[in-house]
Amino acid sequence: MTQGPQSPSRSATGASVSVAGVSHAYGDVEVLHDVNFAVQPGELVALTGPSGSGKSTLLHLMGALDRPTQGRILVADVDVGELRRPAVFRRTSVGFVFQLHYLLPTLTVQQNVELPMAAARVPRHERAARARALLEEVGLWGRGRALPSELSGGERQRVALARALANQPPLILADEPTGSLDSAAADSVWRLLEDLRRRRGTTVVVASHDRSLIPHADRSLQLVEGRLSEVSAVQPRPCTAER
Ligand SMILES: Nc1ncnc2c1ncn2[C@@H]1O[C@H](COP(=O)(O)OP(=O)(O)O)[C@@H](O)[C@H]1O
Ligand SMILES: [Mg+2]
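For clarity, every value in this text was computed on a predicted model and none was experimentally measured.

What counts, and where the lines are drawn
Here, residues in each chain are numbered from 1, in the same order as that chain's written sequence. Labels are handed out in written order, letters beginning with A for the chains and numbers beginning with 1 for the ligands. The predicted origin of the model limits local features to residues at a pLDDT of at least 70 and limits the giving and counting of side-chain atom pairs to 80 or more, whereas totals for whole chains, interfaces and linings rest on all residues. Think of the side-chain values as coming from all heavy atoms in the structure, minus any hydrogens and water. Centres within 6.5 Å make a pair out of two Phe, Tyr or Trp rings, where for Trp the six-membered ring is used; the pair is then stacked when the planes are under 30 degrees apart, edge-to-face when over 60, and tilted otherwise. A single heavy atom is enough: if one lies within 4 Å of a molecule or strand, its residue is considered near that molecule or strand. Pairing of N or O atoms within 3.5 Å defines a polar contact, subject to two protein rules: one partner must be a possible hydrogen donor and the other a possible acceptor, and residues neighboring in sequence count only if both atoms are side-chain atoms. For the accessible areas, the method is Shrake-Rupley and the probe is 1.4 Å, while residue cover comes only from the protein chains on display. Only DSSP runs of H or I reaching four residues or more are called helices, and only runs of E reaching two or more are called strands; each is numbered from the N terminus. Classification convention: Asp, Glu, Lys, Arg as charged; Ala, Val, Leu, Ile, Met, Phe, Trp, Tyr, Cys, Pro as nonpolar; all other residues, Gly among them, as polar. Each patch groups residues whose relative accessible area exceeds 30% and which form no salt bridge, using 9 Å between like charges and 5 Å between nonpolar side chains of Val, Leu, Ile, Met, Phe, Trp and Tyr. Definition used for salt bridges: Asp or Glu carboxyl oxygen within 4 Å of a side-chain nitrogen of Lys or Arg. Lys and Arg are tallied as positive, Asp and Glu as negative. Neither His nor the chain termini are counted. In this description, the location of a charge corresponds to atom NZ of lysine, CZ of arginine, CG of aspartate or CD of glutamate. When accessible area is computed with a 1.4 Å probe and restricted to protein chains, residues below 20% of their type maximum are described as buried, those above 50% as exposed, and intermediate ones as partly exposed. Definition used in this section: a nonpolar core is a set of buried Ala, Val, Leu, Ile, Met, Phe, Trp, Tyr and Cys residues joined via side-chain atoms within 4.5 Å. Contact between two residues is taken to exist if any of their heavy atoms lie within 4.5 Å; hydrogens are not considered. Only the stretch in contact is used when fitting a helix axis, every axis being a line fitted to C-alpha atoms; angles between N-to-C directions are given from 0 to 180 degrees. Under this scheme an angle from 65 to 115 degrees is roughly perpendicular, one under 35 degrees roughly parallel, and one over 145 degrees roughly antiparallel; angles in between are oblique. Helix crossings get a hand from a simple test, with the near helix turned counterclockwise from the far one by less than a right angle marking a left-handed crossing and a clockwise turn marking a right-handed one.

Asker: How do you make sense of the packing of aromatic side chains when you look at a structure like this?
Answerer: The geometry of two aromatic rings is summed up by the distance between their centres and the angle between their planes. The tally for this structure, following the rule as stated, stands at two aromatic pairs. Arranged with centres 5.9 Å apart and planes meeting at 75 degrees, the rings of Phe98 and Tyr102 form a pair that is edge-to-face. Put simply, the rings of Phe96, Phe98 and Tyr102 pair up and form one aromatic cluster.

Asker: Is there a simple way to explain the site of ligand 1 in this structure?
Answerer: Tyr26, Val31, Pro50, Ser51, Gly52, Ser53, Gly54, Lys55, Ser56 and Thr57 make up every residue found near ligand 1. One nitrogen or oxygen atom from the side chain of Ser56 is found 2.9 Å from an oxygen atom belonging to ligand 1. Contacts to ligand 1 include Thr57, whose side-chain N or O atom sits 2.6 Å from an oxygen atom. In the complex, the protein chains occlude 55% of the 560 Å² of accessible area that ligand 1 would expose alone. Of the residues forming the shell around ligand 1, the biggest block, three residues, is contributed by helix H1 (residues 55-62). Here the shell around ligand 1 is built from residues that sort into three nonpolar, six polar and one charged.

Asker: Please explain a positive patch on the surface as it appears in this structure.
Answerer: On the surface, Arg84, Arg85, Arg91 and Arg121 cluster together into a patch of positive charge. With respect to the helices and strands, the residue Arg91 is situated in helix H2 (residues 86-93).

Asker: What should I look at first to understand the pattern of salt bridges in this one?
Answerer: A side chain with one charge can pair with a side chain of the opposite charge if their charged atoms come near. Inspection of every chain in the model, using the stated rule, returns ten salt bridges. Arg130 serves as the salt-bridge partner of Glu126, at 3.1 Å between the closest nitrogen and oxygen. Of the two residues, Glu126 and Arg130 both sit in helix H4 (residues 124-137), four residues apart, roughly one turn of that helix. Judged by its relative accessible area of 11%, Arg130 falls in the buried class. One network of salt bridges, with partners in common, ties together Glu137, Asp195, Arg198, Arg199 and Arg200.

Asker: Where do I start with unusual backbone geometry in this structure?
Answerer: Trans is the prevailing form of peptide bonds, just as negative phi is the prevailing case for residues other than glycine. Of note in the backbone geometry, Ala76 takes a positive phi value of approximately 50 degrees without being a glycine. With phi around 70 degrees, Asp77 is a residue other than glycine that occupies positive phi space.

Asker: When you look at H1 in this model, what are you seeing that I'm missing?
Answerer: Each full turn of the α-helix corresponds to 3.6 residues, which orients residues three or four apart in the same direction. Taking burial as the measure, the eight residues of H1 include six buried ones, the bulk of the element. Among all positions in H1, only Lys55, Thr57, Leu58, Leu59, Leu61 and Met62 are buried. Of the residues one or two after H1, Ala64 is the one with positive phi, at around 60 degrees.

Asker: Mind showing me how you'd approach the nonpolar core here?
Answerer: When a protein is soluble and globular, its nonpolar side chains tend to lie buried together. Counting residues in each nonpolar core, the largest one holds 36 residues, and the members touching the most others are Val113, Leu161, Leu193 and Val206. Looking at this core, the elements that each hand over two or more residues are strand E3 (44-48), helix H3 (109-119), H4, helix H5 (153-164), strand E7 (171-175), helix H6 (183-200) and strand E8 (203-207). For this core, the element with the highest residue contribution is H6, accounting for seven residues. Here Leu193 is in contact with Leu44, Leu161, Val204 and Val206, once residues within four sequence places are set aside. Core analysis: the second largest hydrophobic core is formed by 28 residues, Val35, Val45, Leu61 and Val205 among them.

Asker: Hey, could you run me through the packing of H3 against H4 in this one?
Answerer: Each pair of packed helices can be described by the angle between their axes along with the distance between the axes. Direction vectors running N to C along H3 and H4 enclose 120 degrees, while the axes themselves pass 9 Å from each other. Classed by the angle they form, the pair H3 and H4 counts as oblique. For H3 against H4, the interelement crossing comes out right-handed. Only Arg127, Ala128, Arg130, Ala131, Arg132, Leu134 and Leu135 of H4 make contact with H3, whose side of the interface consists of Val109, Gln110, Val113, Glu114, Met117 and Ala118. Grouping the constituent residues of the contact of H3 with H4 by class yields eight nonpolar, one polar and four charged.

Structural data, given as structure tokens:
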């Protein structure tokens with residue numbers, strides 16, 4: 001996929017992420033135990049592990065949806081557990097993609113992509129142009145007027161990814177983004193994430209129990225019962241975005 005003339009001129013560059021001594025408990029039950037790792041700007045990291053191993057919890061902490069009970073998480077040198085206004089950080093610095101796309105059914109595809117821009121007070125005239133460019137980037141050029149119900153599952157997930165990119169965040173956190181897709185649609189989502197990381201230099205952390213993700217990642221981390229048990233380099237690749 002190539003970037004068209006309408007593509008956003010300001011490309012996001014990736015954030016570094018540092019997870020240091022992070023433990024997390026729900027009530028008295030500790031579910032993450034002393035997790036440590038770092039992600040380089042522009043890296044695509046696969047976070048795998050069985051159901052219940054703590055992947056979603058870790059993504060929520062990285063995206064300031066929750067605060068760790070112990071340890072520190074830095075995103076681009078900002079301690080996300082100490083933010084006074086985490087909602088502002090979430091709106092501007094992270095793009096979330098979940099297993100369920102959470103597109104609003106009564107809005108068109110383009111309006112869904114524009115929603116986070118409105119929240120970030122992007123001027124109205126800029127929103128439409130940026131949304132169209134993002135839809136082009138995820139291979140859905142010309143589908144902006146469709147309703148989510150008129151798209152396939154894989155296409156809806158690509159709209160969710162375009163929406164996650166709306167405010168050009170330096171970090172994308174994707175939680176089981178292919179959990180409800182067949183393997184061909186899943187593969188197209190993995191390739192899109194790979195493409196995104198290569199072209200924009202956005203840092204991407206994807207949590208999935210689906211190990212077909214691993215070959216698309218630069219590195220794979222595995223969580224087992226809340227502990228990081230394996231850190232493997234998949235294949236060396238340049239981390240710099242094409243300009
Ligand atoms: N909001 C919550 N309250 C209490 N326990 C939770 C909550 N969310 C997750 N857990 C528990 O934390 C553990 C890790 O869950 P989760 O992070 O969702 O794992 P994964 O995403 O790998 O399936 C599980 O034992 C789960 O039951
Ligand atoms: Mg999960």
